[in-house]
Amino acid sequence: MDELKQQILIIDEDTSHSLDLLQFLQGCGYLVRTTSDKTEAISIIQSWNPDLVILDILIRSFNAMDLLNEIKNNPATEKQKVLILSQPSGIDHVAGPAPRVSGYLTKPVDFESLRELLRIYAGVSNPDAKIPVMIADDDPEFAELLKIFLETNYY
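Report follows, based on the coordinates. Residue indices follow the written sequence of each chain, beginning from 1 at its first position. Residues qualify for local features only when their pLDDT is at least 70, as the model is predicted, and side-chain atom pairs are given and counted only at 80 or more; totals for whole chains, interfaces and linings, by contrast, use all residues. To obtain the side-chain values, all non-hydrogen atoms of the structure were included, while hydrogens and water were left out.

**Examining the nonpolar core**
Here's step 1: Within the largest apolar cluster, 14 residues are counted, with the highest numbers of intra-cluster contacts made by L9, I11 and L67.
Here's step 2: At the level of secondary structure, the elements contributing two or more residues to this core comprise β1 (7-11), α2 (38-48), β3 (52-55) and α3 (64-72).
Here's step 3: Every residue pair with non-hydrogen atoms within 4.5 Å of one another is taken to be in contact. What I11 contacts, discounting residues up to four positions off in sequence, is T35, A41, V53, I54, L55, D56, I59, F62 and L67.
Here's step 4: Each nonpolar core is a collection of buried residues, namely Ala, Val, Leu, Ile, Met, Phe, Trp, Tyr and Cys, held together in the definition by side-chain atoms within 4.5 Å. Accessibility here uses a 1.4 Å probe with only protein chains present; expressed as a share of the type maximum, an area under 20% marks a residue as buried, one over 50% as exposed, and anything in between as partly exposed. Listed in part, the eight residues of the second largest apolar core include V109, L118, F142 and F149. Each helix corresponds to a stretch of at least 4 residues labelled H or I by DSSP, and each strand to a stretch of at least 2 residues labelled E; elements are numbered beginning at the N terminus.

Printed below as a string of structure tokens:
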């Protein structure tokens, strides 16, 4: 009996990036589908039930935050795992304000502002109820500094 392959949906409008990712993932043995259409993405998530959705958060054809909200607010898809992956050309960092940005920080980070944003968006953490937070940065030293800050504040 063949083992079931894990399924991944890529949502991206940059065909060169999504093709590279598709080929890589297929080479690793995953079943992969791609789309750049929000309605089609919702349909695929509901009918195909992928193990993972990879979403280009900087997609221009629709508001990616609206898609994430639809996924989260639909009982049929609320547990869908979504990985945010973008390859912006010529953009060093993304900062607001934009129509859907509810909070942002720029480097150098004001740690008091970060602490307040964590309280607002992640909740108040304590030694008995640590809240998981993911750090994504291309600077290992900065990521380590953030990790130390988060651990010190029980995240």
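**A look at the sheet that holds strand β2 (residues 31-35)**
Here's step 1: Two strands make a pair as long as DSSP finds a minimum of two bridges between them. The parallel open sheet is built from four strands, whose spatial order is β2-β1-β3-β4. With one partner strand each, in any of the chains shown, β2 and β4 (82-84) form the two edges of the open sheet. Each strand of the sheet is rotated relative to its neighbour by a mean of 20 degrees, with strand direction disregarded.
Here's step 2: Bridge count between β1 and β3: four bridges; the pairing is parallel. Note that in β3 the partner of I10 across the bridge is I54. Under this scheme, a helix contributes an axis fitted over its contacting stretch, all axes are lines through C-alpha atoms, and angles between N-to-C directions fall in the 0 to 180 degree range.

**Looking at the environment of D51**
Here's step 1: Within the element layout of this structure, D51 appears in the loop between α2 and β3.
Here's step 2: In contact with D51, other than residues within four places in its own chain, are K5, Q6, Q7, Q80 and K81.
Here's step 3: Here a polar contact is taken to be a pair of N or O atoms separated by no more than 3.5 Å, where protein atoms must pair a possible hydrogen donor with a possible acceptor and residues adjacent in sequence count only if both atoms sit in side chains. Reaching out from D51, the side chain makes a polar contact with the backbone nitrogen of Q7 at a distance of 2.7 Å.

**Remarks on the pairing of β3**
Here's step 1: Here β3 runs beside β4; their pairing, made up of three bridges, is parallel. From the neighbouring strand, V53 faces β4, where its bridge partner is V82.
Here's step 2: With its strands directed away from the observer, a crossover is right-handed exactly when the path from the first strand over the helix to the second travels clockwise. After leaving β3, the chain enters α3 and then returns to the sheet as β4, a path that is right-handed.

**Description of the pattern of salt bridges**
Here's step 1: Here, a salt bridge means any Lys or Arg side-chain nitrogen found within 4 Å of an Asp or Glu carboxyl oxygen. Counted by the stated rule, this structure contains five salt bridges.
Here's step 2: Note that E112 is salt-bridged to R115, the shortest N-O span being 2.4 Å. Remark: R115 and E112 occur in helix α4 (residues 111-121); sequence separation between them is three residues, near one turn of the helix.
Here's step 3: Accessibility expressed as a relative area gives 53% for E112, which makes it exposed.

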